[in-house]
Amino acid sequence: MAHILSPAGIKSNVMICLPIWQSVDYNIQSYSLSLSCFLRESLWCVSELFLLNRSFQNPQSRLEQSSFTTNIQASKKSTDNQKSNPMFKVSICTAIATSLFFLLFSSPPKPSHHSLYISSSLSDNASISHHLYTLTRRPHIAGSKANADAAAYVLSTLSSYAIKSHIVSYDVALTYPVSRSLTLIRPSPEPSTTFDLRQEIYDGDPYADVASEVVPTFHAYAKSGTVAGPVVYVNYGRVEDYEVLKEMGVSVEGTVVLARYGKIFRGDIVQNAFAAGAIGAVVYTDRKDYGGGGGDARWFPDDKWMPPSGVQVGSLLTVDGDPTTPGWASTRDECERLSEEEVENGGGVGMIPSLPISAADGEAIMRTIGGQVANDDWQGSTDAPVYRVGPGPAILNLSYTGEQKITTIQNVFGVIEGTEEPDRFVLLGNHRDAWTFGAVDPNSGTATLLEVAQRLRKLQKRGWRPRRTIVLCNWDAEEYGLTGSTEWVEENREMLASKAIAYLNVDSAVSGAGFYASATPQLDELLKQATQQVQDPDNSSQSIYESWVGSSNSPIIGRLGGGGSDFAAFVQHVGVPATDISFGAGYPVYHSMYDDFIWMKKFGDPMFHRHAAAASIWGLVALRLADEEFLPFDYLSYAYELQKSAKELEGEISNKGINLIPLFKSIEKFKRAATKINHQRKEIEENKGWASIWKKEHLKVRELNDRLMMAERAFTDRDGLLGRPWYKHLIYGPLKHDDYGSKSFPGIDDAIEKAKSQSTEKSWSLVQHEVWRVSRAVIDASLVLNGELT
């Protein structure tokens, strides 16, 4: 069968390679055919093939040939004499017609390009290291000049790879600290202590010259005000921790709580304190969790652990995006905005004054707290003081003043347009802004994104072109509340809902050893297959998949219900399939000024092999989604996950009179639909060939892929979760009291929590209503996969 050696030939020279039995002494390379000419040639060839075949069978039919081809041949007089031989015509017509088929209905196989992408010949550890060093030379909080400079660097780098790039800006409400103070008032006659609230520069710190550019430690969107009250220790500040205190007879009403970081989102720590009646909150970095456990443990720069003066800063926002434009984009043109009072009434920002503090300051406060001794699992490191719960007798005086500013943020995009389906988008995203230097969070991911871009450019030089469009996204203001990505998704909601294949997120690409992944379940198998092709950067004798699986039968893949990174708007607001990958599960200097290039070079990834491996997996998944004729989605994996989640739910409410039969039945329908579409895909693959031209199999492929793409959207509901309408996804969403936590069937979970609290028939009927909502969504997804009207 003939094939095009250079698909781009229709714009210059057309080269056709024929098997020996079809070969002719005819130099078609000399023709510079336009697409219209090529189509005309092909139409002539099709007619010739038809009539020549008849003429060989019936000489009388040759009389019909001249009248049938007169009009077409009229435009080809210059080449008529060359094509007078019937066997010659068969050969060359077969070649051109077959080539036309490949141009219009097929894409050249691309596995070789995919293998080349992950080869060592294309990876560049030195380039990744250079990108990270450049991006982290200065602190670059959202809205700062340094972050605008970082955006310009990303833009220029993408442009240098000949990738069409641009910036999209938004004007959003961000907050910054104006003044802060924290004073510990001990019982007389002991003196009071006013904390300096400063992270210390270490000897030989190469960033000492720009340390003054680090924004003072604060909580974004914290409430301004001054409060004073006795201290109560609340462990991690979870709902269950307050239940323990209640059982101990300890009230936090009118107190300033001392909580330690970890377990849940900091915004929920402060919200839970407010709900319990506290007037202020102080959150510290406990050495047990971030300092190596205390004792003889060393800290950065001698070891990876957080120094005693280190402080984890961050946002308290429990809604996604600009809180003054909930549900619509903060476009640079004049747009509708809520007032600060309206935002506060919405409850998504800090409702009481709060501050983050260091381990050293936290332990100083802990030594002044009396009352009952805390439980063993509430205690600190081996050499820490005994933790008591209070209240008091010491008093904390906390003062914070913040300022809200409408600030310009910049998202950077690079677009590689697809050749066959340019209206289908595969998106790769990472954010750029950091609370301080951001070597791990987020710029290990930014450097990796630029490595992916560089490799894709190298593939382009070798002739690769994606079937579908690839969009490289570099978000701004993620740290404040996923702001850059959320505003862009809100602005492009309808386009994404109809055209986005998948969103592939990498936040902190590397913080240590070990591969971790989360995904919507139809992408599980794709992730597994990709990791089987990439070598483990820490053990060359095995693949990443083998180290990921370890001693278990299958790797652990998390779900994307939490709000921890930029996948949230894609999954939870629009319903776009997504993944999130990283090396390392966490790191001690998180969100502190010690998250710099030196920490990465010494402890995170000294040789940048993990960064290169992350780029390999990230890009390989993107290539398969962009290039494969059939989208590599497996909805049977989704069905099994739904069944597992439903079983867990059944165990949780087995004695509450809730009927889960509708849910189980809907999942069975979904499983049958997933099986059916897999069979349909196989049937189309088996029928491909000459006959598929006339049967329009390429249209069937497109239609089947659209069903695979749109099924995830069906899990969303326009009304969203009860009390949290922005979150539309009924299968995966954040926990109500922990934005970092991911929960299956979040609406059902919210209703169960309320029912357990109220213990009324009406509250449990709401649980049943939420079960029906999820059941209907699963059935909707089944209908989409089936692709037929009821």
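Residues numbered from 1 in each chain as written. Predicted model: local features only at pLDDT ≥ 70, side-chain atom pairs only at ≥ 80, totals over all residues. Heavy atoms only, no water.

**Description of the overall build of the protein**
Then step 1. Counting its secondary structure elements, the protein contains 26 helices and 21 strands.
Then step 2. Among the 790 residues that make up the protein, the fraction classed as buried is 58%.
Then step 3. A total of about 32,200 Å² of accessible surface is found on the protein, and carbon and sulfur atoms cover 52% of it. (Helix = DSSP H or I, 4+ residues; strand = E, 2+ residues; numbered from the N terminus. Buried < 20%, exposed > 50% of the residue type's maximum accessible area, 1.4 Å probe, protein only. Areas by Shrake-Rupley, 256 points an atom, 1.4 Å probe, with all protein chains shown as cover.)

**Quick notes on the confidence of the model for the protein**
The predicted structure's coordinates, where accompanied by low pLDDT, should not be read in detail.
Then step 1. When pLDDT is averaged along the protein, the result is 88, and 85% of the positions lie at 70 or above.
Then step 2. Note that pLDDT drops below 50 for residues 101-108; the model gives that stretch 14 contacts with residues more than four away or on any other chain. (pLDDT = per-residue confidence, 0-100. Contact = heavy atoms within 4.5 Å.)

**Overview of helix H5 (residues 125-135)**
Then step 1. Looking only at H5, the buried set comprises Ser 127, Ile 128, Ser 129, His 131, Leu 132 and Leu 135.
Then step 2. Tucked inside the fold, the buried residues of H5 contact helix H6 (145-160), helix H12 (443-461), helix H19 (597-604) and helix H20 (609-627).
Then step 3. You can read the cap of H5 off the contacts: a side-chain oxygen lies 3.3 Å from the backbone nitrogen of Ala 126, and it is on Asp 124. (Polar contact = N/O pair within 3.5 Å; in protein donor to acceptor, adjacent residues only side chain to side chain.)

**Some remarks on the packing of aromatic side chains**
Then step 1. Following the criterion strictly, the structure yields 34 aromatic pairs and no others.
Then step 2. Among the aromatic residues, ring-to-ring pairing joins Tyr 202, Phe 300, Tyr 587, Tyr 590, Tyr 594, Trp 599 and Phe 603 into one connected group.
Then step 3. Sitting over the ring of Trp 305, Lys 304 keeps its end group 5.0 Å from the ring centre. (Phe/Tyr/Trp six-rings, centres within 6.5 Å; stacked < 30°, edge-to-face > 60°. Lys NZ or Arg CZ within 6 Å of the ring centre and 35° of its normal.)

**Overview of the pattern of salt bridges**
Then step 1. One pass over the structure, following the stated rule, counts 37 salt bridges.
Then step 2. For Arg 137, the salt bridge goes to Asp 209, with nearest N and O atoms at 3.4 Å. Taken together, the positions of Arg 137 in the loop between H5 and H6 and Asp 209 in the loop between strand S4 (193-194) and strand S5 (219-220) put the pair 72 residues apart, joining distant regions of the chain.
Then step 3. The exposure class of Asp 209 is exposed, given its relative accessible area of 53%.
Then step 4. The residue Glu 641 makes a salt bridge to Arg 559 at a minimum N-O spacing of 3.4 Å. (Salt bridge = Lys/Arg side-chain N within 4 Å of Asp/Glu carboxyl O.)

**As for the side chain of Ser 358**
Then step 1. Looking at where Ser 358 falls in the secondary structure, it is placed in the loop between strand S10 (354-357) and helix H11 (359-366).
Then step 2. Judged by relative accessible area, Ser 358 falls into the buried class, the value being 4%.
Then step 3. At 3.4 Å, the side chain of Ser 358 forms a polar contact with the backbone oxygen of Pro 308.
Then step 4. Setting aside chain neighbours within four positions, we find Ser 358 in contact with Tyr 284, Thr 285, Pro 308, Ser 309, Gly 310 and Val 311.

**Concerning the environment of Leu 197**
Then step 1. The residue Leu 197 is located in the loop between S4 and S5 in this model.
Then step 2. The class for Leu 197 is buried, based on a relative accessible area of 7%.
Then step 3. Measuring from C-alpha to C-alpha, the distance between Leu 197 and Val 311 comes to 8.6 Å, with 114 residues separating the pair along the chain.
Then step 4. Look past the residues within four positions of Leu 197 in its chain and what remains in contact with it is Arg 180, Ser 181, Leu 182, Thr 217, Leu 355, Ile 357 and Asp 361.

**Quick word on the side chain of Glu 363**
Then step 1. One can find Glu 363 in helix H11.
Then step 2. Separated by 2.8 Å, the side chains of Glu 363 and Arg 287 make a polar contact.
Then step 3. In this structure Glu 363 touches Arg 287, Ser 381, Ala 384 and Pro 385, once residues within four positions along its chain are discounted.

**Section: the packing of H12 against H20**
Each pair of packed helices can be described by the angle between their axes along with the distance between the axes.
Then step 1. Where H12 contacts H20, the axes come no closer than 9 Å and their chain directions differ by 55°. With respect to each other, H12 and H20 are oriented oblique. Here the hand of the crossing between H12 and H20 comes out right-handed. Residues Ser 444, Gly 445, Thr 448, Leu 449, Glu 451, Val 452, Arg 455, Leu 456 and Leu 459 of H12 pack against His 611, Ala 612, Ala 614, Ala 615, Ser 616, Trp 618, Gly 619 and Leu 623 of H20.
Then step 2. Among the residues forming the contact of H12 with H20, the class breakdown is nine nonpolar, six polar and two charged. (Axes fitted to C-alpha atoms, helices over the stretch in contact; angles between N-to-C directions. Parallel < 35°, antiparallel > 145°, perpendicular 65-115°, else oblique. Left-handed = near helix turned anticlockwise from the far one by under 90°. Nonpolar A, V, L, I, M, F, W, Y, C, P; charged D, E, K, R; others polar.)

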